[in-house]
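Descriptive analysis of the structure
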Amino acid sequence: MRGTAAGIFGAWFNVPFTIMMAAVGGFVGAVVGLFNGSFVGPQVVARVDRVLQWILPLPMSAGEFAPAASAQIGGIVGALVGAVNGGWALGWLAFAEPWRRMYAADPVGPVGFVIGQVLVAVFVGLLYLAWSAATEPLRLRIAGARRLSRREAEWLMPLVQDAATRLGLRSLPRILIDDRREADASAGIRHIVINQGLLDQLDHDAEQVSAVIAHELAHWRDGDAIAVAWSKGVTLPLYLLYEVATRLLRMAHSRPLHYLIRFVFWSVIVTVRYLVIPVQAGTWRAAEYRADAAAARAGYGRGLHRARSYLRESFDGERSGWDAAILAVHPPTELRLEALEEPGRRYLLPSHPILRSLPDWMPTSTVERDR
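The present account deals with the structure reproduced in this document. Given the structure is predicted, the values throughout are model-derived calculations rather than measurements.

Before going further, it helps to spend a moment on the sheet that holds strand β4 (residues 191-195). Within a sheet, adjacent strands bond to each other through the backbone by hydrogen bonds, running parallel or antiparallel. Read across the sheet, four strands follow the order β1-β2-β4-β3 without closing on themselves; strand pairing throughout is mixed. Two strands lie at the open edges of the sheet, namely β1 (145-146) and β3 (185-187), each paired on one side alone. Of the strand pairs in this sheet, β3 and β4 are connected by three bridges, and their pairing is antiparallel. Considered in β4, the bridge of A185 is made with I194. Across the sheet, helix α8 (residues 206-222) is in contact with β3 and β4; its angle to β3 comes to roughly 25°.

Of note, T18 is situated in helix α2 (residues 15-55). Sequence-distant contacts of T18, defined by excluding residues within four places in its chain, comprise G91, A94 and F95.

With that settled, consider the nonpolar core. By size, the foremost hydrophobic cluster in this structure holds 36 residues, and its most contacted members are L156, I194, L198, L202, V209, I213 and L217. Looking at this core, the elements that each hand over two or more residues are α6 (150-167), β2 (174-178), β4, α7 (196-201), α8 and α11 (255-311). Those residues within four positions of L156 in sequence are excluded, and the remaining contacts are L148, I175, I177, I194, L199, V209 and I213.

For helix α9 (residues 224-234), the full list of buried residues reads D224, A225, A229, S231, G233 and V234. For α9, the elements touching its buried residues are α1 (2-12), α5 (109-143), β3, α8, α10 (236-251) and α11.

On to the pattern of salt bridges, then. As enumerated under the stated definition, the model contains 14 salt bridges in all. Across the pair E97 and R101 runs a salt bridge, and its minimum N-O distance is 3.1 Å. Here the residue E97 and the residue R101 both occupy positions in helix α4 (residues 70-105), the gap between them amounting to four residues, near one helical turn. Residue class for R101 comes out exposed when judged on its relative accessible area of 56%. For D200, the salt bridge identified is with R181, shortest N-O distance 2.0 Å. You can see D200 sitting in helix α7 and its partner R181 sitting in the loop between β2 and β3, a full 19 residues away along the chain. Judged by relative accessible area, R181 falls into the exposed class, the value being 52%. What emerges from the salt-bridge pattern is a single network uniting D205, E207, R302 and R306.

Reading the values: rules and limits
- Residues numbered from 1 in each chain as written.
- Predicted model: local features only at pLDDT ≥ 70, side-chain atom pairs only at ≥ 80, totals over all residues.
- Heavy atoms only, no water.
- Pairing = 2+ DSSP bridges.
- Helix = DSSP H or I, 4+ residues; strand = E, 2+ residues; numbered from the N terminus.
- Contact = heavy atoms within 4.5 Å.
- Axes fitted to C-alpha atoms, helices over the stretch in contact; angles between N-to-C directions.
- Core = buried A, V, L, I, M, F, W, Y, C linked by side-chain atoms within 4.5 Å.
- Buried < 20%, exposed > 50% of the residue type's maximum accessible area, 1.4 Å probe, protein only.
- Salt bridge = Lys/Arg side-chain N within 4 Å of Asp/Glu carboxyl O.

None of this, on its own, says anything about what the molecule does.
Below, the structure is given as structure tokens:
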């Protein structure tokens, strides 16, 4: 509820415009305060002298302590006061004036506006959620995910089935493989994607891989991917602008262009990075703890601890890889190997000698035991 409320408020109630106007007011107030304070500074120092004569008489005046600084101090104080006052005044005006006008025209108007904005946000959120579910197979394929080969399924699916049984699941998502070398895994609305790099770095150790699978199955069971899509959906206008800004910043190779993009989109970036994401991130952190706890209750606590200790970072990653998936001129190596395999012959998954030489390698590889 907190993430949804933050998203709706940030995207549908003029928060970026309010922040922009507050910044304008703060800048103008600081300039005016600096100018006025510079002239008022000497007068303030003289008044301080009079007060000190009553409280603590000194052998020299306050102005003599800093004969050239009184105007500067007055300017600094004036700029600070002016910035705070100007920012608050113009920001509040930008936020409250539309509401005041609506109330003046019809006292029920603001209530109707709030209800209307919330309903629109919910409608857009539902549409985005439906779109995310319907296009997930295509988006994962574009990102580089693929089906399991026979020997991958022969080794991996029993681990998935066992984890699902321990978690009390009656159905399973589709399991996909991504051939990238990063140690990542992620649960979608209808799929779980496991990076080849995760299996390699864990050396196909059944205990650790099963723990990661249980963690992702818990995410899938609890609908965490649905919650992510919903949160983005109700915040969609803001996230679209933020996505445009971040992509343009990545594409900008010159410093002036970089500054120009930030100048145009800064209020959107501030709203997303410092209002919406921090609130919603608390929800996702809680989901991670919940998935870890579910895997531990299912008996995978030791394996999950070993996997996280070895990887030293989260294995829940985002999906990307347009160039590798769409522009690649070679098919996935594992599927090419599958096409070369003889029917009825068992092909074991490969071992990894380089990984065995690492200091943290555990001599309990399931692949080695199979051999």
